[in-house]
Amino acid sequence: MNFKLILNIALHLLQARLKQTIVAAIGVTFSIAMFIALISFMNGLNDLLDGLMLNRTPHVLLYNEIKPSENQPILLSEAFKDNTNFVRSIKPKDRGKSIYNSKTILAVLKQDPRVIDVAPKVTSPVFFNSGTIEISGIINGIDVLSEDKLFKISDYIIEGKVADLLQNNSIIIGKGLSDKMLLVKGDIIKITTSKGNLASLKIVGISEIGIAEIDNVMSYTSLATAQKLLGEPTNYITDIQLNLYDMTTAPAVAKEFREKFNLDTIDYQTANSQFETGSSVRTIISYSVGVVLLIVAGFGIYNILNMMIYEKMDSIAILKATGFSGNDVKWIFVSLSIIIGLTGGLFGLLFGYIFSSIIDVIPFETASLPTVKTYPINYNPLYYGIGITFALFTTTIAGLFPALKASKIDPVEIIRGK
């Protein structure tokens, strides 16, 4: 088989139907360009949401949850213990949110080679007071250095510095909260805890996560300040956050620590299952649309090659009469489809990148995500590899059926018919 000769014949056939060839290549180009732009945008959006939500969540969180008492009096009765009972008398235990023996647990976790670092936290609902304004919210007492190492909260501080929380009686509040209460850096905000404790804290910074529901209620202070505000000792901790070197092991590690420390645990996958499900759905939709576009382009190639076979019946008959085998004829038409797919695919990659670059600079303004200024785009080379692979695969399959048909043409019947 002389591949150089076969390729030369294929190129001459393409030139003979140049307009139809260009139309087919444009169809492939459009499909690949739209696939690249769509998948880049969707995955950029997924990365944005991961950065805003998933990356703000510890890989494993240890805490105490209020639970109903497992041993109820009615279960002691032999007659009713196996039945479904709706009578309950023992209320949930008032264990409190404090983690017992937290210092020891922190020391053990920091020695674990799987753990990057550990960040203890105190979380409590409070009321923020400024004059006659009173707004409910949440105060987070954090280990400033560990929290910033794990979750990069300094990236979300638009005024002040995270290190300023190391000062006594200082606080960083959310942008939404500062706007509602007309507070700025340097002002004093009064806080009332659920126990009725009152405190005045100095605002040393303003944070903006980018999600209005969080910025309207969230605040940060140091661990020591939060413990003093709540009237608790220095070993009072409500949450232990940790990140792992291998985050995929988070579910197994969470289960292990639950049994080891007798605490409630939750991994980031469980905590953000809705966001991960949404990301997966968006990715599936993107690939589905891209594949459909390529299939449509494949039908166009199929039709063009089919028409070319009918028009070139005499040429095919002459080729076979002069010694070309059915396999040679088949490869001529497969080469046609590959050339169209490769040319259209390469131009599709180029235009896909151009479209993605244009989308990347379009201003993006929304009240719910104020930190996002432009549409997010992910320029992962993998998407371009998938795009050209799809183009070649689809066009080759589309050209294979007409090629097989052309290889079975009997030159004697064609010449006799003429």
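Description of the structure in this document.

The rules behind these values
Residues numbered from 1 in each chain as written. Predicted model: local features only at pLDDT ≥ 70, side-chain atom pairs only at ≥ 80, totals over all residues. Heavy atoms only, no water. Axes fitted to C-alpha atoms, helices over the stretch in contact; angles between N-to-C directions. Helix = DSSP H or I, 4+ residues; strand = E, 2+ residues; numbered from the N terminus. Parallel < 35°, antiparallel > 145°, perpendicular 65-115°, else oblique. Left-handed = near helix turned anticlockwise from the far one by under 90°. Contact = heavy atoms within 4.5 Å. Core = buried A, V, L, I, M, F, W, Y, C linked by side-chain atoms within 4.5 Å. Buried < 20%, exposed > 50% of the residue type's maximum accessible area, 1.4 Å probe, protein only. Salt bridge = Lys/Arg side-chain N within 4 Å of Asp/Glu carboxyl O.

**Examining the packing of helix 1 (residues 3-16) against helix 12 (residues 326-361)**
Reasoning step 1: In the contact formed by helix 1 and helix 12, the axes pass within 9 Å of each other and the chain directions differ by 60 degrees. With respect to helix 12, the axis of helix 1 lies oblique. Crossing geometry of helix 1 relative to helix 12 is assigned as right-handed. Contacts between helix 1 and helix 12 involve Ile6, Leu7, Ile9, Ala10, Leu11, Leu13 and Leu14 from the former and Asp328, Trp331, Ile332, Phe333, Ser335, Leu336, Ile339 and Ile340 from the latter.

**Concerning the nonpolar core**
Reasoning step 1: One finds Ile9, Leu13, Ile316, Ile332, Phe333 and Leu336 to be the most contacted residues of the largest nonpolar core, which totals 21 residues.
Reasoning step 2: Elements with a minimum of two residues in this core: helix 1, helix 2 (18-52), helix 11 (313-321), helix 12 and helix 13 (381-407).
Reasoning step 3: Counting residues per element, this core draws most heavily on helix 12, which supplies seven residues.
Reasoning step 4: Of all hydrophobic cores here, the second largest spans 19 residues; its members include Leu62, Ile99, Ile105 and Leu242.

**So, the pattern of salt bridges**
Reasoning step 1: If you walk through the whole model with that rule in mind, you get five salt bridges.
Reasoning step 2: For Arg114, the salt bridge identified is with Asp112, shortest N-O distance 2.8 Å.
Reasoning step 3: Exposure remark for Arg114: the relative accessible area of 32% places this residue in the partly exposed category.
Reasoning step 4: The partner of Glu232 in a salt bridge is Lys195, with the nearest N and O atoms 2.6 Å apart. Note that Glu232 is positioned in the loop between helix 7 (223-230) and strand 9 (239-244) and Lys195 in the loop between strand 6 (188-193) and strand 7 (198-207), a separation of 37 residues in sequence.
Reasoning step 5: You can call Lys195 exposed: its relative accessible area is 57%.
Reasoning step 6: A cluster of three or more residues bridged by salt bridges with shared partners is formed by Asp112, Arg114 and Glu256.

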